[in-house]
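Descriptive analysis of the structure
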Amino acid sequence: MDPYEFLTRARTFHSVGRPEEALNEVRRGLASHPEDPGLLLYAAICATDMDDHAAALDYAKSLVGIAPDWSMAHYQLAVVYLQMKKLKEAEESVRYSIQLDPESDDAWAALSIILSRRSKHKESLEAAETALAIDADNTTALNSRAHALGMLGRKVEAMDAAKMAARQLPDDTNTHQILGWTALRSGRVDEAMQSFKEALRLDPNDDDAREGLLEALRGRFWPYRILLSYYFWISRFGTQVRWAIVIAIMIVPRVLRGVSERNPALGPFLLPIAALFVIFIWTQWFLAPLINVSLLFHKLGRYALTKGQTANALCILVLLAGTLVMGAGLLLAGKSTGTAGLLAGLGVLALFCLGGLGTYSKTEGLLKWGSVVVLTIFELIQLVVFLLGMFGTVDR
Amino acid sequence: MSVDPTVIAALRAALLTDPENIAMRLHVGQLLLDGNQAAEALKEATEVLNRQPTHGEALKLAEQASESAGDPIRASGYRRLREALGMASAQNLIESSLGSDLEPPYRSEPMRMTHRGDDAENDDDPEEVAGLRAVTSDLTLAQVAGMNDVKLRLEMAFLAPMRNPDLRKLYKKSLKGGLLLYGPPGCGKTFLARAIAGELGSKFLSIGLTDVVDMYIGESEKNLHRVFELARRNKPCVLFIDEIDALGRKRSLMRNSGERNVVNQLLSEMDGVEADNEGVYVLAATNHPWDVDSALRRPGRFDRTVLVLPPDALARAQILQGAMEDRPVNQLDYSKLADQAEDFSGADLVHWAEAASELAMADSIRKGTVRSVDMGDFKQAKKDVKPSTRPWFETAKNFAVYANEGGTYDDLIAYLKSRRWM
């Protein structure tokens, strides 16, 4: 058989959603034609689709070695790097591919995605527009353009672009997901929710859309919407600037307090602002995990939470209920309010820990088991305090 | 090649009631030609050409028949006509099915199940077209372990009306239709399909993934049409399409229009636009029901969907027992083993049994004496065998939550809730 026949069969397997079989077919072809660029390219594509990064990289690299002047080879290598989140290498490869063939809309679209991941949204927008100038229907570029506009804060244009993309690509999960995020950025929570639901209907395993749905559900509470606008605003900057902003916000209340101590006359103006900053910082700390508790009772929210988030929310729920029941018990039994206060204080401390876990833990395992451990420790302490308060001699 | 004259007679009788069935007429013509009745074959070919003057396969048959009948001038006339129409070089399916040496464009999947019972029925040689055979299945639903809910639903929706023609007539229940089996891999969807065919006493025709791929590469729509024609000729016949998410893939997932055409063709074949599907039941199975084009779920096509779940404890015990049949065993408590194997698919169970047997064999080789497979082997083998169905349910859950339009996944939701996975 000549390579073309293997390739045809592989393509067919691939197009009916069987990348494993497609790769087998390509491998069979490569056994007799080990240096066929078409087969190598397809091998890299299939391995990429199977998330087999190591194999994909192998194939793509040998392809570049065999056909160094073929723009597709460099493009595919860039796609593999992009999937491996090696953004610098990806950008290098895709730029080389564009040098070889400046008319490839796919390469420009890939460049747009890579730049967006590197938080270079202005350049990303330009690359997307170049791709669209070559082919106005390029799916990736349409999506990436809408995304870039949103990230640049050009809300109206972003919304137009995202809606246009959704009309053009009604079956594309990504498009609906981007429309969702764009709507969320403009504060249109209901529209965002609809778009995320549509994205999830098309691909229920799309994690970005699930996260978007979660944010939209939380965004139904206005304090969280303020937090969201802050998150969106800060996400426009590069990592270093982001850190600088976060640290600045932490420092501002202290500076304000220091200034007002030295100039007591300014106190009445500066201290409320400092208080607002402090509230804002604490809100960031546990608002999302607290809202997650209410999502436990929401039809879709329940499923939008990850397992770790669900565990965390359940722990917070148990903590709140436990604190409330024990505190109420003490008060109703006419015991000292001091013990009830101690219980409440312990509850707030536990909430602080659980909230921190819920907001900042990076892994599901830490979130789940960390929450369980924190809850157990605090509930035990609370129980001891409660029992001592009820039956012990600590009553004064 | 000798041809059974009774087959030809039967087909001709069928043609009297269905004179417009071109595929059947061409088939008769070919059989006549093979049976050295060239003049008769030519008659059938011209009959077709009277209806469709540019029919390539008919022209080819007419050419061959004229040649055999000793009329080369007429033969060259047909050939020129064919060349003028650009068909002479077309490597069409008929050609390969007419005994050419070329590789058939699609093959039947190798039979996965052995036939039980006597071979008496195999004497009546089933028809074969292009390597695809309609075979009878001796398997019955009773031989399928477990799946009682599924069997009950099948019985009510499908089997009972088919066994009782009077009732069927009374309630005007049609004898065509489709059933889509879905569920985690390795849980016996294919096995169940064969059992249904056996239960109905009908012929069984199966197309798998490789056939589908070959179909896409060849003249796809025509090939698919031929498969359905074969099923119609063999009625009552169960046409089983394994991995229907490949052949009936969501058109929105397909990039090129040629591939989408195959789905369109499948839709029109299932509707029986050109030919009557009475007596053809299309069964399909998939692990990815969410990738199946939703148009295939409309009434008249796969209007019934059945979830095939992993075997329950009783079925697991039966499957294990079946797998250990003819192997030396020592005090195996199958129900105890079955209890330890929750969420195992049928394939996982068989794998487990094999792994345990392997351990006993390795031990026997080491010690130089034959030792039977015991509970200890199973215990040890279990370390390497993990239930393969959980990841499927994880994915399926998301579809049930977000994409349950029209209650497609109600069965699945009920199961997930009963397992507290949702």
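The structure under discussion appears in the preceding block.
Parameters at a glance
- Residues numbered from 1 in each chain as written.
- Chains lettered and ligands numbered in written order.
- Predicted model: local features only at pLDDT ≥ 70, side-chain atom pairs only at ≥ 80, totals over all residues.
- Helix = DSSP H or I, 4+ residues; strand = E, 2+ residues; numbered from the N terminus.
- Buried ≥ 20, exposed ≤ 12 C-beta atoms within 10 Å, placed from the backbone.
- Contact = placed C-beta atoms within 7 Å.
- Pairing = 2+ DSSP bridges.
- Nonpolar A, V, L, I, M, F, W, Y, C, P; charged D, E, K, R; others polar.
- Expected span 1.5 Å × (residues − 1).
- Core = buried A, V, L, I, M, F, W, Y, C linked by C-beta atoms within 7 Å.
- Axes fitted to C-alpha atoms, helices over the stretch in contact; angles between N-to-C directions.
- Parallel < 35°, antiparallel > 145°, perpendicular 65-115°, else oblique.
- Left-handed = near helix turned anticlockwise from the far one by under 90°.

**Considering the overall build of chain A**
- Of regular secondary structure, chain A possesses 20 helices and zero strands.
- Of all 396 residues assigned to chain A, the portion counted as buried reaches 44%.
- Nonlocal contacts in chain A, meaning residues at least 24 apart in sequence, comprise 53% of its contacts between residues at least 6 apart.

**Structural notes on the overall build of chain B**
- Counting its secondary structure elements, chain B contains 19 helices and eight strands.
- Taking all 422 residues of chain B together, the buried fraction comes to 41%.
- A separation of at least 24 residues holds for 72% of the contacts in chain B among residues at least 6 apart in sequence.

**Digging into the pairing of strand S7 (residues 280–286) of chain B**
All names here are of chain B.
- S7 sits mainly inside the fold: seven of its seven residues count as buried.
- As paired strands, strand S4 (residues 177–182) and S7 are joined by six bridges and run parallel to one another. Residue glycine 178 lies in a different strand from S7, and its bridge partner there is valine 282.
- Of the strand pairs in this sheet, strand S6 (residues 237–242) and S7 are connected by six bridges, and their pairing is parallel. Following the sheet pairing, aspartate 242 is matched in S7 by alanine 285.

**Section: the interface of chain A and chain B**
- Taken residue by residue, the interface counts 15 residues in chain A and 20 residues in chain B.
- Counting only elements with at least two residues in the side of chain A that touches chain B, the list comes to helix H1 (3–15) and helix H12 (189–202) of chain A.
- Of the residues forming the side of chain A that touches chain B, the biggest block, five residues, is contributed by H1 of chain A.
- Grouping the amino acids of the side of chain A that touches chain B by side-chain chemistry returns five nonpolar, five polar and five charged.

**Observations regarding helix H20 (residues 364–391) of chain A**
- Between its terminal C-alpha atoms H20 of chain A stretches 40 Å, which fits the 40 Å expected from 28 residues at 1.5 Å a residue.
- Buried residues belonging to H20 of chain A abut helix H18 (307–332) and helix H19 (337–360) of chain A.

**Here we look at the pairing of S4 of chain B**
Residue and element names in this part refer to chain B.
- Most of S4 sits inside the fold, with six of its six residues counted as buried.
- Of the two faces of S4, the one carrying Gly177, Leu179 and Leu181 and the one carrying Gly178, Leu180 and Tyr182 are both buried.
- In the sheet, S4 pairs with strand S8 (residues 304–307) via four bridges, with the strands oriented parallel. By the bridge assignment, leucine 179 is partnered in S8 with arginine 304.

**Considering the nonpolar core**
- Counting 181 residues, the largest nonpolar core has Ala43, Ala44 and Ala110 of chain A together with Leu181 of chain B as its most contacted members.
- In contact with alanine 43 of chain A, not counting residues within four places along its chain, are Leu23, Val26, Leu30 and Tyr59 of chain A.
- Counting 17 residues, the second largest nonpolar core, distinct from the first, contains Leu33, Leu42, Ala45 and Ala62 of chain B.

**Comments concerning unusual backbone geometry**
Residue and element names in this part refer to chain B.
- Positive phi, close to 65°, is recorded for aspartate 326, a residue that is not glycine.
- For aspartate 326, the position within the fold is in the loop between helix H14 (313–324) and helix H15 (334–339).
- Given 6 C-beta atoms within a 10 Å radius, aspartate 326 is considered exposed.

**A few points about H12 of chain A**
- With 14 residues, H12 of chain A should cover 20 Å at 1.5 Å per step; its first-to-last C-alpha distance of 20 Å lies within 8% of that length.
- Those residues of H12 of chain A that fall on the buried side of the exposure criterion are Val189, Ala192, Met193, Ser195, Phe196, Ala199, Leu200 and Leu202 of chain A.
- Against the buried residues of H12 of chain A lie helix H11 (173–185) and helix H13 (207–218) of chain A together with helix H18 (390–402) of chain B.

**Side note on the packing of helix H14 (residues 222–235) of chain A against helix H16 (residues 267–295) of chain A**
All names here are of chain A.
- Close contact between H14 and H16 brings their axes to 11 Å; oriented N to C, the two are set at 125°. With respect to H16, the element H14 is oriented oblique. Read as a crossing pair, H14 and H16 show a hand that is left-handed. Along the contact surface, H14 presents Pro223, Tyr224 and Leu227, while H16 presents Thr283, Gln284, Leu287 and Ile291.
- The residue makeup of the contact of H14 with H16, split by class, is five nonpolar, two polar and no charged.

**What to know about the packing of helix H7 (residues 105–117) of chain A against helix H8 (residues 121–134) of chain A**
All names here are of chain A.
- For the pair H7 and H8, interaxial distance at closest approach is 8 Å and the crossing angle is 165°. As far as their axial angle goes, H8 and H7 are roughly antiparallel. In the packing of H7 onto H8, the handedness of the crossing is left-handed. Contacts between H7 and H8 pair Asp105, Trp108, Ala109, Leu111, Ser112, Leu115 and Ser116 from the former with His121, Glu123, Ser124, Ala127, Ala128, Thr130, Ala131 and Ile134 from the latter.
- Within the contact of H7 with H8, the residues separate by chemical class into eight nonpolar, five polar and two charged.

**A word on the environment of threonine 339 of chain A**
Residues and elements named next belong to chain A.
- With respect to the helices and strands, the residue threonine 339 is situated in helix H19.
- Assessed through the 22 C-beta atoms surrounding it within 10 Å, threonine 339 is described here as buried.
- Taking the C-alpha atoms as reference, threonine 339 lies 7.5 Å from phenylalanine 386; in sequence the two are 47 residues apart.
- If near-sequence neighbours (up to four positions away) are discounted, threonine 339 is found in contact with Leu330, Val385 and Gly389.

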